[in-house]
Amino acid sequence: MGTRMEVAQLESAMNTDDYRKLQSLFLDHLGAPRSLSRTEFINLAWSSVGRGSKEEYGLLFDSVVVTQEHRGLLLDCEAVKEEGRVDWGGLCSFLLLELSDKVTNIRSSSVPCWKTPRTLTCPHRDQVQKVLYLQSSGQYLTLSQRGSVGLRDREDMSLVHSHRLQNSTVAPKDLWITDVVLLPNIHKIAVSFTSKEVCFYDILSKQDFSCRYKLQGLKFTPWCLDYWADLSQPDQAVLTIGDIGGQVSALHFTSTQISLFERLGARTDSDTADIILWDELVKGKHRSCYTVTHQVHAPAWVRKVRYLGALGAFVSCSTRPQSSMVIGWREKESRSLRVTPFFTKRGVLDMDHHCGLNLTATAGMDHQVLLWNPYVTSEPVCALSGHTSPVLAVRFIQTKQQLLSYSKDKVLCLWDVSSQQCVHRLAGVFPKTQEDTHTLLFLHEECHLLLLTFNSLLLLLETEENEEKRTSSHEQPVTCVLYNSLFRQVVSSDAASSVICWQADTGQKVKQFLRCHGNAEISTMALDGTKTRLFTAGTDGEVKVWDFNGRCLHRMNAGLGRAVEISQVLLLKRSILVMGWERMLTIFRLHSFSQSFVEPSEWKGGVQHRSDVLCAAFQPPQTLVTGSYDGEITVWNNDTEKALRKLQPRGDRKQQGDSPDSHPSLNSRTDSDAFTAVTRLFFIPGRTSAATGGADLVSCGGSGVVRLWNTVHSRLMGQFTAHSRDLGSIVMTISPCGKYLVTADREGTVKTWDIQHYLLDPNHETTKEPPRLLGRFRPHLDRVTHLETCVHGNRLLLLSASSDCSVALSRLPGDTVGLFGQEEPWCLDRPGRLHPQQDERDIRGSGQGSTSTSL
């Protein structure tokens, strides 16, 4: 099979005159369009253009044919279909697609390079309620719940001054601030209190933060504030208040440059502040200010408010699902509001708006970030899924099409809005705090800094000036990656049902097959023993068999017409096992493949698991093991398809003698099962110690724990925590020689362990001592979905697929070569951490023979 690199070299060597010569070949002697066979095209193009080789023109022809077949662009003429012919339109279509793919493949998102997080000296002893940047003084202001103010220098974030706000309305011990907002056009801050008042303080006065006005008599306690000033009309401004009674109130100021409020009388307090009563504003007694309100959020608290001047609309959010987000539209020439509510499953904790994109992002209690078009209430534009706990805060980067989100489990994600993908994930750097910690995000784009608050703690994240360029191998999250030793290529699949073949030597794309399962995600893949057939499993419930020209040869009806989640396809000598959605294995026998549409056969062993079977592994000559969602492993004789014994961790709630049918309630998946689920199983190559008591099987799953078993004596030999339990499910693989165990987690971290001599001898007690950790590296920014080791050119390499849309190539035990699809091709001859002679020693000793089906 030719490579895309060779075709690309031919294309880059050709000029405009060469393409005109090619165009003339597709015209007959009368000037009418014609198509050419492979032989005709090679001979005519080679002799006419005068550059390149016949082999390169043959590869170009093959690439055009494959692309046309896959996209359904071949002519309807039967002769054309049978012989494989190309016309000028087909060649042009291929060249345009090549150009489009090149643009797509070099698409990269700007990913921040964070400096080491810095904890700032804090004057506050209680939780910080807001962080502001004061443009007039070039300082950052932090204000705490009890009124403590901190001012910081812009250059080094050092604490310049501290102060305590005064409010004579309440005793100091009862003072409780809920929010603060900056009024930059008049050099004031507005502060809301639980005493149902909003106070306005001067920030440029000689006396520290003197109180100028007090707005009192609010119906409910104000909880959040927002301020907007009209740059084109300096007198026009809007202060928006959200309260705990579910009411959104807006004060429209019409003469801010003169005075916010009129002095109706000599009402002042001991702070010498003017007292403004809410009822007076509602009744219109202040000509410089009027109000509008709505109570759509009631009885829920309003969590965030924002006035969008460009839309003339008030946006607010709450944790009430029916009014998760509400937009109040100002009617023209009227002081009334037209209100539209937006629904989410569990409500919203925070929101932000991107003015350029006209999108509003919501931070959901249901772990999702939703992007909304303000004019469409029926459904969001898209859902950004990746968090595994409630999202606490969202902030758009206004100068880019990017969004930051922070969740309760202390994970910060950076999203590329255009591709709707997480391009950066930051975790493990935030302080350990109590579960009910109050957290804020303050983003100052101009200074490239992000300030996070954890109650009274301030954490500073700064970025380097030069940002890293991150390559995306796929447009959507990558679900699986394989190595094809016959073609010396890497094959990867994604959630958009695409399959891409890559050149392992350079990391460049060879070909791509689109919509293999329509709109259904490809969840996993497998290769047959000849490496000429590719099996793809879709969430549509089908497994399809392809050749590497993109032709679908068989459709396997695994889900019996239902959309099911297929987690693994295991190819054996005389059968194919499919699993992931029920307690019994689905088997396809080779004699069934005489038809293009293949139905499953009956698995003779019946149901032996209490929960869905997720994974399996085979050890010649006849040992099969299967792992399920509830953590149970069953050992089978594959020849007879009979269950032999069960493997379970000590202290498991289920006893080995129990029948799966005696516990029908365990058939469904539970949250507790997620921590015990077995997601990967591997026999250790070359291990002959099982009969004498050593470990021969490795399992991993939902809790970050790796377990080693003796399958002959049904014993748990050892277990260790490879990754934090909080990171959830992990994946793993084992090198062909049985020396390296490689594990990876949802943060993109990969670890390499030396298990060559680990648990070779029998132990009476289960050891919890981990094997030697050889390497730890992070080739991805998000969850690693699949790992595979391969031997390529006498080098032992690791392939990893990730939800960050990338496929990485690394040397073992830990040295990333690059990402497939990156602009600059790599060279595997570059010296790495692993010496080539070490590779050869690691490759030798693989005692596990080929067991897979050949179709």
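Residues numbered from 1 in each chain as written. Predicted model: local features only at pLDDT ≥ 70, side-chain atom pairs only at ≥ 80, totals over all residues. Heavy atoms only, no water.

(A) Here's a closer look at the overall build of the chain. Scanning the chain for helices and strands turns up eight helices and 59 strands. Counting only residues that meet the buried cut, the chain has 56% of its 855 residues in that class. Partitioning the intrachain contacts of the chain with sequence separation of at least 6 by distance along the chain shows that 51% fall at a separation of at least 24. (Helix = DSSP H or I, 4+ residues; strand = E, 2+ residues; numbered from the N terminus. Buried < 20%, exposed > 50% of the residue type's maximum accessible area, 1.4 Å probe, protein only. Contact = heavy atoms within 4.5 Å.)

(B) Structural detail: the nonpolar core. If you look at the biggest cluster of nonpolar residues, it comprises 22 residues, and the most contacted ones within it are Phe200, Leu215, Leu251 and Phe261. Of all the secondary-structure elements, those providing two or more residues to this core are strand 7 (177–183), strand 9 (197–202), strand 10 (211–216), strand 11 (222–229), strand 12 (237–243), strand 13 (248–253) and helix 7 (278–282). Here this core gets three residues from one element, more than from any other, and that element is strand 12. Each residue touching Phe200, except ones within four places of it in the same chain, is listed here: Leu183, Ile189, Ala190, Ser210, Cys211, Arg212, Tyr213, Leu215, Leu239, Leu260 and Phe261. Formed by 20 residues, the second largest nonpolar core is a distinct cluster that contains Leu151, Phe193, Phe209 and Cys211. (Core = buried A, V, L, I, M, F, W, Y, C linked by side-chain atoms within 4.5 Å.)

(C) The arrangement of the pattern of salt bridges in detail. Per the counting criterion, the structure on display carries 24 salt bridges. Here Asp174 makes a salt bridge to Lys173, at a shortest N to O gap of 3.4 Å. Accessibility expressed as a relative area gives 65% for Lys173, which makes it exposed. If you follow the salt bridges from partner to partner, you end up with Lys304, Asp350 and Arg395 in one network. (Salt bridge = Lys/Arg side-chain N within 4 Å of Asp/Glu carboxyl O.)

(D) Here's a closer look at the packing of helix 2 (residues 16–25) against helix 3 (residues 38–49). Their axes nearest at 10 Å, the elements helix 2 and helix 3 cross at an angle of 140 degrees. As the angle between them shows, helix 2 and helix 3 are arranged oblique. Like other packed secondary-structure pairs, helix 2 and helix 3 cross with a definite hand, here right-handed. For the pair helix 2 and helix 3, the contacting residues are Asp18, Lys21, Leu22 and Leu25 in the first and Phe41, Leu44, Ala45, Ser48 and Val49 in the second. Counted by class, the contact of helix 2 with helix 3 contains six nonpolar, one polar and two charged residues. (Axes fitted to C-alpha atoms, helices over the stretch in contact; angles between N-to-C directions. Parallel < 35°, antiparallel > 145°, perpendicular 65-115°, else oblique. Left-handed = near helix turned anticlockwise from the far one by under 90°. Nonpolar A, V, L, I, M, F, W, Y, C, P; charged D, E, K, R; others polar.)

(E) The arrangement of the side chain of Ser210 in detail. By the element assignment, Ser210 lies in the loop between strand 9 and strand 10. A relative accessible area of 17% means that Ser210 is categorised as buried. When near neighbours in sequence (up to four residues on either side) are disregarded, Ser210 contacts Phe200, Tyr201, Asp202 and Ser205.

(F) Layout of helix 2. Within the span of helix 2, buried status applies to Asp18, Leu22 and Leu25. On an axial view of helix 2, the arc spanned by its buried residues comes to 50 degrees, and they lie on one face. Set apart from the buried face of helix 2 by more than 90 degrees, the exposed residues are Thr16 and Arg20. (Arc of directions from axis to C-beta.)

(G) Examining the sheet that holds strand 37 (residues 534–538) more closely. Strand order in the open sheet formed by five strands is 36-37-38-39-43, with mixed pairing between adjacent strands. Both outer strands of the open sheet, strand 36 (522–527) and strand 43 (597–598), are each paired with one neighbouring strand and no more. Sheet topology note: the strand 38 (residues 543–546)/strand 39 (residues 552–556) ladder contains four bridges and is antiparallel. The residue of strand 39 that forms the bridge with Trp546 is Cys552. (Pairing = 2+ DSSP bridges.)

(H) The arrangement of the pairing of strand 35 (residues 509–513) in detail. Counting buried residues along strand 35, four of its five residues qualify, which places the element largely inside the surrounding structure. Sheet topology places strand 34 (residues 499–503) next to strand 35; four bridges connect them, and they run antiparallel. Across the sheet, the residue bridging to Ile500 is Gln512, located in strand 35. In this structure, the hairpin formed by strand 34 and strand 35 is closed by a connection of five residues, where Gly507 is found at a positive phi of approximately 80 degrees.

(I) Layout of the side chain of Thr524. In this structure, Thr524 sits in strand 36. In this structure Thr524 comes out as buried when scored by relative accessible area, which is 7%. The contact partners of Thr524, leaving out residues within four places of it in the chain, are Cys480, Phe535, Thr536, Ala537, Ile566, Ser567, Gln568 and Val569.

(J) Just helix 3, in detail. For helix 3, which comprises twelve residues, the first-to-last C-alpha distance of 16 Å matches the rise-based estimate of 16 Å (1.5 Å per residue) to within 8%. Within helix 3, the full set of buried residues consists of Phe41, Ile42, Ala45 and Val49. The arc that holds every buried residue of helix 3, seen down its axis, measures 95 degrees, which confines them to one face. Relative to its buried face, helix 3 has exposed residues pointing more than 90 degrees away, namely Thr39 and Ser47. Following helix 3 by one or two positions, Gly50 has its phi on the positive side, about 85 degrees. (Expected span 1.5 Å × (residues − 1).)

(K) Representation of unusual backbone geometry within the structure. Following Pro620, the chain continues to Pro621 via a peptide bond in cis, the omega torsion being 10 degrees. Looking at the secondary structure, you find Pro621 in the loop between strand 44 (613–619) and strand 45 (623–628). For the peptide bond that leads from Leu812 to Pro813, omega is 10 degrees, which places it in the cis range. The backbone of Asn358 sits at a positive phi, close to 55 degrees, despite the residue not being glycine. Mapped onto the elements, Asn358 comes out in the loop between strand 20 (348–354) and strand 21 (359–364). Here Asn358 falls in the partly exposed class, since its relative accessible area comes to 22%.

(L) Summary view of the environment of Arg34. Structurally, the position occupied by Arg34 is in the loop between helix 2 and helix 3. In this structure Arg34 comes out as partly exposed when scored by relative accessible area, which is 33%. Ignoring any residue separated from it by four or fewer positions in sequence, one finds Arg34 in contact with Leu25, Phe26, Leu27, Asp28, Leu44 and Asp87. From its side chain, Arg34 meets the backbone oxygen of Leu25 in a polar contact 2.9 Å long. (Polar contact = N/O pair within 3.5 Å; in protein donor to acceptor, adjacent residues only side chain to side chain.)

(M) Expanded view of the pairing of strand 45. Counting buried residues in strand 45 gives five out of six residues, a clear majority hidden from the surface. Summarising the sheet, strand 44 and strand 45 pair through six bridges and their orientation is antiparallel. Bridging across to strand 45, Ala617 finds its partner in Val625. The hairpin formed by strand 44 and strand 45 contains three residues between the paired strands. As judged from the five bridges shared by strand 45 and strand 46 (residues 633–637), these two strands associate in the antiparallel manner. Following the sheet pairing, Leu624 is matched in strand 46 by Trp636. Between strand 45 and strand 46, which follow one another and run antiparallel, lie four residues, and Gly631 among them has a positive phi close to 95 degrees.

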